[in-house]
Amino acid sequence: MCDHVSTTTPSTRKQTSVDANNSRVYKLGAVGGDWLDKRVAGGGLIKFMARKIFPDHWSFMFGEVALYSFVILLISGTFLTMFFDPSMSEVVYNGPYEALQGATMSRAYESTLEISFEVTGGLLFRQMHHWSALVFMVAIFVHMFRVFFTGAFRKPRELNWLVGFTLMVLGMVAGFSGYSLPDDVLSGNGLRVVEGLMKSMPVVGTYLVMLMFGGEFPGTDIIPRLFTVHILLVPAMILGLIAIHLVLLVLHKHTQYPGPGRTERNVVGFPVFPVYAAKAGGFFFLVFGIITMISATTSINGVWNYGPYDPSPVSAGSQPDWYMLWTDGGLRLIPGWESTIFGYVLSWNMLIPMGIYGLLLAALALYPFLEAWVTGDDREHHLNDLPYNTPVRTGLGVAWIMTYLILALAATNDLIAIALDLSINDLTWALRIGFFVVPVLSFYITKRLCLSIQRQKRDLALHGEETSRIVRTDTGNMIEIHAPLSEYDRWVLVQHDDYRPLKAGKGVSALRAKATSFFFKDRIDPVTPAELREALEHHGHEKHVIDELTGGDYRTPSEKSSH
Amino acid sequence: MKALAARRHHPMALLVILLLALVATGGLYAALQPQTAQAEAYTEDDVDAGEALFLANCATCHGRNAEGLLDADGGTIGPSLIGVGAASVDFQVGTGRMPMQSAGAQAARKPPQMNEEQTRQLAAYVASLGPGPAVPDEEWLDTSKGDATKGGEIFRINCAMCHNAAGAGGALTRGKYAPPVVGLESKHVYEAMETGPQNMPVFNDTNLSPSDKRDVIRYLETLDETGSPAVSPWARSVR
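Since the structure is predicted, the reported quantities are computational estimates derived from the model, not experimental observations.

Conventions we followed
Residues numbered from 1 in each chain as written. Chains lettered and ligands numbered in written order. Predicted model: local features only at pLDDT ≥ 70, side-chain atom pairs only at ≥ 80, totals over all residues. Heavy atoms only, no water. Axes fitted to C-alpha atoms, helices over the stretch in contact; angles between N-to-C directions. Helix = DSSP H or I, 4+ residues; strand = E, 2+ residues; numbered from the N terminus. Parallel < 35°, antiparallel > 145°, perpendicular 65-115°, else oblique. Contact = heavy atoms within 4.5 Å. Nonpolar A, V, L, I, M, F, W, Y, C, P; charged D, E, K, R; others polar. Disulfide = S-S within 2.5 Å. Buried < 20%, exposed > 50% of the residue type's maximum accessible area, 1.4 Å probe, protein only. Domains from an automatic or database assignment. Core = buried A, V, L, I, M, F, W, Y, C linked by side-chain atoms within 4.5 Å. Phe/Tyr/Trp six-rings, centres within 6.5 Å; stacked < 30°, edge-to-face > 60°. Lys NZ or Arg CZ within 6 Å of the ring centre and 35° of its normal. pLDDT = per-residue confidence, 0-100. Polar contact = N/O pair within 3.5 Å; in protein donor to acceptor, adjacent residues only side chain to side chain.

1. Digging into the packing of helix 4 (residues 107–117) of chain A against helix 5 (residues 122–149) of chain A
Relative placement of two packed helices is described by the angle separating their axes and the distance separating the axes.
All names here are of chain A.
Then, number 1: Running from N to C, helix 4 and helix 5 cross one another at 110°; their axes reach a closest spacing of 5 Å. Here helix 4 lies roughly perpendicular to helix 5, going by the angle between them. Between helix 4, through Thr112, Ile115 and Ser116, and helix 5, the contact on the second element is made entirely by Gly122, Leu123 and Arg126.
Then, number 2: Each residue belonging to the contact of helix 4 with helix 5 can be placed in one class, and the counts come to two nonpolar, three polar and one charged.

In structure tokens form, the structure reads like this:
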């Protein structure tokens, strides 16, 4: 560890650092702080932020990627609003794209074509806006999984998990409202699906559709309305929630992975100024650069191919953006079930998928509360779990991801069928069965894998690493030489929490007893101090025997002769 | 005039009028009906050479007289080719789909087995069996006269649901598929629309006029020239 490492103590927020008050870095921070301090009394805040400590780990970078791609979304989106005209009035196209010259289209579609073909840099900005939206959602999901699998959602961070969850949902709303704006056939198809889903809601459906579209689909209101949602409402909400997300992050302090010197009461890492200011600043430009490069070389959503919106055509190979795939997949998998009650048609083929989507989202949002109820754990957690130490949570997370993936794959069933030369009917059946089977299987496989890793780590903590060197004693016994772990390495393997199933009674409900049994029935006993002492003694004894035989020289005869 | 007026109420008058009307409609239809079965200048030699090729390469499935063959369960081994016309042969043989490589969901495009001369001879033979759509005239393949915008509209409404908006192709049921349609020979695209090969519906001249077909071909050419960035690379490379 280098001398920049500092620690903060959560309980007092007091920060101590080894490089103290006279370093150059500290003075640089103070200049800004001082200047501001004399005008708006903000020096304290600047100083606080500049000396704020964050832990360092590659897996903490995904949230940053999400933040930076959102900044790129704002920049490129602002550019696009200068040229996009959210109007559904009809015009005749006279631009440079030959295959649409003379076609009647909405002004929204025409202005999108203008951005693509006539505005300097317009196509690049459109592509960057689209690509950064895709990256934004990837980063949000991966960040969520990181938080999930490391248990970083536990007390005191449950609220921030909900804020993050809401950001993910808002990201989907932003994406959908955005790619519906160009008013091409593909975007209109997406809106048509939403219209159908809304109409399937009993009683309120048709009213909702009338309110949203201002009359029959598609009408002339929807694009201007989506525009307001897309450039004002949703971005403002996202910005506000990001602010809350980050304030809570500062308030709670960042979680860290277990390691030497890291406790529930400190944060081991580097200060914001200069380390993270430089790293994060550079990383922003890296993300910006990569997104720009992808946008410049890999074209996406060529709206000119789809043509102006017309409710009749639907193109083969129509897929939404990746983060909306799962919502399309359920509709493709469900059989066409309908029933008629009192003359009203209930479209189960839409209501059931919508119910499943709701359940999947609810499971994600509420998991922290579910787990807290099961464990009954009321402590604060600032040290992350290693995923293999929580087999059931990890298994459930993988099962959720697999469900999501099956739905997303189902939405691309036509592309898969073509690419792999499969029958789309068989593929659909395979995915229908997979929807029920794969998550369950992946849960158990993941859980068993986690338990196996735990067993292996337990062995490792007790006996150290196998060196593949075997010594034969006078009596013919074979002993493998084990290299013991360092105290630091061993600490990581023996620090985790241990939960056991609870018996019903004494304030424990039968349901909770069952839940704890599901979560903790299969467990690997953590290494106890007594076991460790015994293992070390045994190791000492073994080492004694080995050293007597080898004279402390563990080289093989051939190694000895070659030196 | 008086004599005619007097017979107006004759019981047979209605029948005579009906007869006249029928003759008029029939005559008009015969005069104006779409002329799909244009005879190309095939010689007797072409037909004979075509028949020899047919017996050697096609008769196994389509029957010795091109009447079609059924298997023991009554399933089609090869359909009857009487009346499918020269256009159908030119498309199927010219794109290598026929002779078929293997039984499957659908005959795949492959390098043609017959050269142009042999394809022409086979077409001549099949055309001689019964009237059917002929190979299109050069006039309808001259895409400089086509309207890409109109073709695009026709394509989106009639073709894109299977062939994709950018002509990249797409999946059909049970392993069948609509192949990519960008970068093909105009003649084959025209013939496909005219004859509806495999799972494709027929777009005959009353449905899509020859000039509409030319517009569609022009649109596909425009897609080819301007590129289709939205096309997934794997979908384009297959078939």
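Once you've had a look at it, read on.
2. Some thoughts on the state of the cysteines
Residue and element names in this part refer to chain B.
Then, number 1: Per the stated rule, a full pass over the model turns up zero disulfides over all chains.
Then, number 2: No disulfide involves Cys162; its sulfur sits 8.8 Å from that of Cys159, the nearest cysteine.
Then, number 3: Residue class for Cys162 comes out partly exposed when judged on its relative accessible area of 28%.

3. Some details on the domain arrangement of chain A
Then, number 1: Assigned domains within chain A: domain 1 (6–51) and domain 2 (58–254 + 275–302 + 316–325).
Then, number 2: The distance between the C-alpha centroids of domain 1 of chain A and domain 2 of chain A comes to 38 Å.

4. Re the nonpolar core
Generally speaking, a soluble globular protein has its nonpolar side chains buried in company with each other.
Then, number 1: Within the largest apolar cluster, 89 residues are counted, with the highest numbers of intra-cluster contacts made by Met137, Met168, Ile238 and Trp326 of chain A.
Then, number 2: With 13 residues, the top contributor of residues to this core is helix 5 of chain A.
Then, number 3: Apart from the residues lying within four places of it in its own chain, the contact partners of Met168 of chain A are Met137, Ile140, Phe141, Met144, Leu361 and Leu364 of chain A.
Then, number 4: If you look at the next biggest cluster of nonpolar residues, it comprises 28 residues, including Leu100 and Met105 of chain A together with Met193 and Leu208 of chain B.

5. Considerations on the packing of aromatic side chains
Residues and elements named next belong to chain A.
Then, number 1: On inspection of all chains with the given rule, the structure shows 39 aromatic pairs over all chains.
Then, number 2: The interplanar angle of 10° and the centroid separation of 5.2 Å between the aromatic rings of Tyr97 and Phe117 together place this pair among those described as stacked. Highlighted residues: Tyr97 in the loop between strand 4 (90–92) and strand 5 (104–106) and Phe117 in helix 4, separated in sequence by 20 residues.
Then, number 3: Residue classification places Phe117 among the partly exposed positions, given a relative accessible area of 31%.
Then, number 4: With a centroid separation of 5.6 Å and 65° between ring planes, the pair formed by Phe141 and Trp322 is classed as edge-to-face. On the criterion of sequence distance, the pair formed by Phe141 in helix 5 and Trp322 in the loop between helix 11 (303–306) and helix 12 (325–333) is long-range, its members being 181 residues apart.
Then, number 5: Note on Trp322: relative accessible area 25%, which makes it partly exposed.
Then, number 6: Between the NZ or CZ atom of Arg432 and the centre of the ring of Trp429, over which it lies, the distance is 4.7 Å.

6. Digging into the confidence of the model for chain B
Then, number 1: The share of residues in chain B with pLDDT of 70 or more is 89%, and the mean pLDDT across the chain is 85.
Then, number 2: Across chain B, element-level confidence peaks in helix 7 (residues 148–158) of chain B with a mean pLDDT of 93 and bottoms out in helix 11 (residues 233–237) of chain B with 39.

7. A few points about helix 7 of chain B
Then, number 1: Every buried residue of helix 7 of chain B is accounted for by Ala148, Thr149, Gly151, Gly152, Ile154, Phe155 and Arg156 of chain B.
Then, number 2: Buried residues in helix 7 of chain B make contact with helix 7 (185–199) and helix 11 of chain A together with helix 8 (160–163) and helix 10 (210–226) of chain B.
Then, number 3: Of the residues that open helix 7 of chain B, the one with a side-chain oxygen 3.1 Å from the backbone nitrogen of Thr149 of chain B is Asp147 of chain B.

8. A look at unusual backbone geometry
Then, number 1: In this model, Lys155 of chain A is joined to Pro156 of chain A through a cis peptide bond whose omega is 10°.
Then, number 2: Note on placement: Pro156 of chain A falls in the loop between helix 5 and helix 6 (158–179).
Then, number 3: Residue Pro218 of chain A is reached from Phe217 of chain A by a cis peptide bond, and omega for that bond is -5°.
Then, number 4: Considering the arrangement of structural elements, one finds Pro218 of chain A in the loop between helix 8 (205–213) and helix 9 (222–252).
Then, number 5: Unusually for a residue other than glycine, Ala66 of chain B sits at a positive phi of about 60°.
Then, number 6: As for its placement among the helices and strands, Ala66 of chain B is situated in the loop between helix 4 (59–62) and strand 1 (69–70).
Then, number 7: The phi angle at Gln198 of chain B is positive, at roughly 55°, despite the residue not being glycine.

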